[in-house]
Amino acid sequence: MIIYFFIISQFCSEMKYSKVDSLLIQGSYFIYEENYQEARNRFNEAITLEPQNPAPYFMIADLLALYMSDFSTDTLVKELFSYCDTTIKLSNKEIKMADTSGLPHLWLGGTYGLCAFYKAVNKNILSAAQDAIKGVDELTKAIKMDSCLFDAYVGVSGYNYFKYRVASLAPWGGKSSWEKDVKLACVKSKYFGYASVAAYASFLIEEKRYKESIEIITPLIDSFPRSKVFRWTRVKAYCKAGELKEAKAEYEKLLELTLASQPNTFYNIGYCRVELAKICFRLGEKEECKVQCEEVLKLPYVKGMKKLKSEANKLLTLVKHK
C-alpha cells in the first residue's frame, strides 16, 4: 500500500538530509509519539545550529499548538504567537535577501495557516480568515518558485477543498485538484507527510468516503500505537460509518491512553466517556452507558465540562426511561 511505502521511504531517506532537516524530522516523529519534550529538544538543537533559519521556530509553534490542543489548555498562547512572530520575521528576512528556494514562503504560509487555525478554534473568525488567505498566498508562491516543494501542497489542497465544497453547493458542481495535491503531499513531503495523511483522511470523512479514510489513517496508528493523534480521526470515521463496535473499541483505547498519560486532562476524559456512553446507548448496553455517565458527573468542572455533564445527565434520563 502506498502509505506504508511512504512511511518506510521517509524514514530510510532521512540520512540524505542536512543535519537541521534531520533534527526537524526527528522532532516531528516525537510530536506524533506525544513526546513533546524530546521534540522540542530536537527543534532547539536545530536553532542552535542555524539560529536564523525560520523552520525550527515554526516547528516549535506547531508543537505548542498541538500540545495545547492535546491537553485542552490555553496556557501557552503567548509563547505560541511569539514563535510565530519570529518565524515571520526570519522568513521575510530571507525573502528580502532574494532566497529563491521557496522555503521562506513555505514557513510563512505554514505560520499564517497555524495562526488561522488557532484563531478559528477560538471563534476569532475574521482574523482567522485574513491569516488563512495570507497563508495560501505564501504557499502558492512557494510552489511557483519550486513545484517540487511538496510540503506546500497540503495547505493549498486544504484551500482548494474548501472552495470545492462551496462550489459543490451550486448546480454546476465543484471540481478541484484538491485530492491530487494532497496525495502528492502525503507521498513526497519532507516535513509534513504524516500531517498530510491525517488531512487527507479528514477530507475523505467529509466526502463520506469513510472506509478509505480508515484505510489510510490505520497505518499511522500502527506506527504510533501509543499516540492519540491519529486515533481521533479514525474514531470519527468509525462513528460516521455506523461501525459502532469499532468506534467503541477506539474510544476505550483513547480513554485508556488519556488516563495513562494525561490523568488531569479532565475535559478529554469526560469527552471520551460521553462518546462511549452514546455508543453504548445505541448498542443497547444500558448499564455500561450508565457507568460512563456517572464517571463524567464525578469529574471536576473545567472549561467545557458543563456541556459534557449536561449530555451525561440527558443520557441517564434516557436510560432510566427506556
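Now for a description of the structure that goes with this document. All values reported here derive from a predicted model rather than from experimental measurement.

Rules and cut-offs
Residues numbered from 1 in each chain as written. Predicted model: local features only at pLDDT ≥ 70, side-chain atom pairs only at ≥ 80, totals over all residues. Heavy atoms only, no water. Helix = DSSP H or I, 4+ residues; strand = E, 2+ residues; numbered from the N terminus. Buried < 20%, exposed > 50% of the residue type's maximum accessible area, 1.4 Å probe, protein only. Contact = heavy atoms within 4.5 Å. Expected span 1.5 Å × (residues − 1). Salt bridge = Lys/Arg side-chain N within 4 Å of Asp/Glu carboxyl O. Core = buried A, V, L, I, M, F, W, Y, C linked by side-chain atoms within 4.5 Å. Phe/Tyr/Trp six-rings, centres within 6.5 Å; stacked < 30°, edge-to-face > 60°. Lys NZ or Arg CZ within 6 Å of the ring centre and 35° of its normal.

Next up on the list: the environment of Lys-141. With respect to the helices and strands, the residue Lys-141 is situated in helix α7 (residues 125-145). Note on Lys-141: relative accessible area 41%, which makes it partly exposed. Measuring from C-alpha to C-alpha, the distance between Lys-141 and Gly-109 comes to 9.1 Å, with 32 residues separating the pair along the chain.

Here we take up the side chain of Ser-157. The topology assignment puts Ser-157 in helix α8 (residues 153-167). For Ser-157, a relative accessible area of 0% gives the class buried. The contact partners of Ser-157, leaving out residues within four places of it in the chain, are Trp-178, Asp-181, Val-182 and Phe-203.

Our focus in this paragraph is helix α10 (residues 193-206). Compared with an ideal rise of 1.5 Å per residue, which puts 14 residues at 20 Å, α10 spans 20 Å between its outermost C-alpha atoms and is within 8% of the ideal. Counting buried residues in α10 gives 11 out of 14 residues, a clear majority hidden from the surface. When we look at burial in α10, the residues that qualify are Gly-193, Tyr-194, Ser-196, Val-197, Ala-198, Ala-199, Tyr-200, Ala-201, Phe-203, Leu-204 and Ile-205. Backbone geometry just downstream of α10 places Lys-208 in the positive-phi region, at approximately 65°.

Applying the stated criterion across every chain, the model contains 19 salt bridges. The partner of Glu-138 in a salt bridge is Lys-141, with the nearest N and O atoms 3.8 Å apart. Separated by 3 residues within a single helix, Glu-138 and Lys-141 lie in helix α7, roughly one turn from each other. Among the ionic pairs, Lys-298 bridges to Glu-295, the shortest N-O distance being 3.2 Å. Here Lys-298 and its partner Glu-295 are both found in helix α15 (residues 286-298), 3 residues apart, which amounts to about one turn of the helix. We classify Glu-295 as partly exposed; its relative accessible area is 26%. Taken together, the shared-partner salt bridges in this structure form one network comprising Glu-34, Asp-70 and Lys-228.

Formed by 63 residues in total, the largest nonpolar core has its most connected members in Leu-24, Phe-43, Met-59, Leu-80, Trp-107 and Phe-230. When residues of this core are assigned to their parent elements, the largest contribution, 10 residues, is made by helix α4 (residues 54-71). If you look at the next biggest cluster of nonpolar residues, it comprises 29 residues, including Tyr-210, Ala-237, Phe-281 and Met-305.

Next up on the list: the packing of aromatic side chains. If you walk through the whole model with that rule in mind, you get 26 aromatic pairs. Between Tyr-36 and Tyr-67, the aromatic rings sit 5.2 Å apart at their centres with planes inclined by 85°, giving edge-to-face as the arrangement. On the criterion of sequence distance, the pair formed by Tyr-36 in helix α3 (residues 36-49) and Tyr-67 in helix α4 is long-range, its members being 31 residues apart. Overall, the relative accessible area of 27% leaves Tyr-67 in the partly exposed class. Seen in terms of ring centroids, Phe-58 and Phe-192 are 5.9 Å apart; in terms of plane orientation they differ by 70°. Their pairing is edge-to-face. With Phe-58 in helix α4 and Phe-192 in the loop between α9 (178-188) and α10, this pair connects stretches of sequence that are 134 residues apart. For the pair shown, Phe-58 and Phe-192 are each scored as buried. Put simply, the rings of Tyr-29, Tyr-32, Tyr-194, Phe-224 and Phe-230 touch in pairs and so form one group of aromatic residues. A cation over a ring is seen here: Lys-309 above Tyr-301, with NZ or CZ 4.9 Å from the ring centre.

The values reported here are purely geometric and, on their own, carry no functional implication.
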